[in-house]
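# Breakdown of the fold
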Amino acid sequence: MHFEFFVEGGDFSKAGVASSELKRLLKQLNIKPAIIKKTVVALYEAEVNIVAHAYEGKIMIDLSPEKIYIVLDDKGPGIPDINLAMQEGYSTASAKVREMGFGAGMGIPNIKNNCDELKISSEVGKGTKLEITTKINV
Ligand SMILES: Nc1ncnc2c1ncn2[C@@H]1O[C@H](COP(=O)(O)OP(=O)(O)OP(=O)(O)O)[C@@H](O)[C@H]1O
Ligand SMILES: [Mg+2]
């Protein structure tokens with residue numbers, strides 16, 4: 001099964017739409033609650049990162065019996081130092097984003113802790129791509 005979502009940068013009112021939809025779908029498919037929980041947390045953080053840090057992005061979700069594979073591809077400033085961005089507490093969030101309650105620098109570490117595989121690639125001035133894989137061990 002394949003699903004796609006569009007995410008607009010800056011629009012916090014819609015942040016979480018894709019992760020809520022994925023939660024509903026995984027529940028319908030009777031996926032283990034623990035797997036649903038971690039996948040939804042990982043997608044939510046990645047979704048909010050597009051809203052907070054990029055201009056726009058696309059989310060593609062592939063569900064197979066073995067795994068949940070999510071790609072988030074955005075147009076944005078990119079991440080100059082991915083290792084640094086992966087560290088807990090590192091954030092370049094703007095004052096506006098912090099006012100919304102984000103910017104603790106915990107999003108990417110949270111994604112990493114809530115999936116089986118995380119790949120990040122980024123080109124400064126172009127955008128960022130995240131690939132998040134969660135195994136479904138029924
Ligand atoms: N999609 C993205 N495009 C550009 N930069 C990003 C993107 N995602 C993350 N970053 C960069 O990586 C940093 C760390 O991201 P992370 O999600 O860990 O923290 P945060 O978004 O700043 O705060 P939090 O997620 O805790 O609200 C961000 O501050 C930003 O500099
Ligand atoms: Mg974040």
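Relevant structure appears above.
Summary of the structure given here.

Thresholds, definitions, all that
Residues numbered from 1 in each chain as written. Chains lettered and ligands numbered in written order. Predicted model: local features only at pLDDT ≥ 70, side-chain atom pairs only at ≥ 80, totals over all residues. Heavy atoms only, no water. Helix = DSSP H or I, 4+ residues; strand = E, 2+ residues; numbered from the N terminus. Rg over C-alpha atoms; globule rule 2.2 N^0.38 Å. Buried < 20%, exposed > 50% of the residue type's maximum accessible area, 1.4 Å probe, protein only. Contact = heavy atoms within 4.5 Å. Lys, Arg positive; Asp, Glu negative; His and termini not counted. Charge placed at Lys NZ, Arg CZ, Asp CG, Glu CD. 1 Å grid on protein atoms, 1.4 Å probe; cavity = no way out; pocket = protein on both sides within 12 Å on 5 of 7 lines; lining within 4 Å. Points joined across faces, edges and corners; volume = space filled by probe spheres on them. Nonpolar A, V, L, I, M, F, W, Y, C, P; charged D, E, K, R; others polar.

### Quick word on the overall build of the protein chain
Scanning the protein chain for helices and strands turns up five helices and five strands. For the protein chain, the C-alpha radius of gyration of 14 Å lies close to 14 Å, the compact-globule estimate for 138 residues. Taking the principal axes of its C-alpha atoms as reference, the protein chain extends roughly 40 × 30 × 25 Å. Across the 138 residues that make up the protein chain, the buried fraction comes to 43%. Of all intrachain contacts in the protein chain linking residues separated by at least 6 positions in sequence, the fraction that spans at least 24 positions is 63%. Side chains of the protein chain carry 17 positive and 18 negative charges; the gap between the two charge centres is 5 Å.

### Focus on the layout of surface pockets
A probe as big as a water molecule, rolled over the atoms, marks out the empty space that is left. In this model, the largest pocket occupies a volume close to 650 Å³. Considering the residues around the largest pocket, the lining is formed by 31 residues, among which Asn49, His53, Ile79, Thr92 and Ile108 are closest to the centre. Take the lining of the largest pocket: its biggest share by element is seven residues, from helix 2 (residues 33–53). When the residues that make up the lining of the largest pocket are grouped by side-chain class, the tally is 18 nonpolar, ten polar and three charged.

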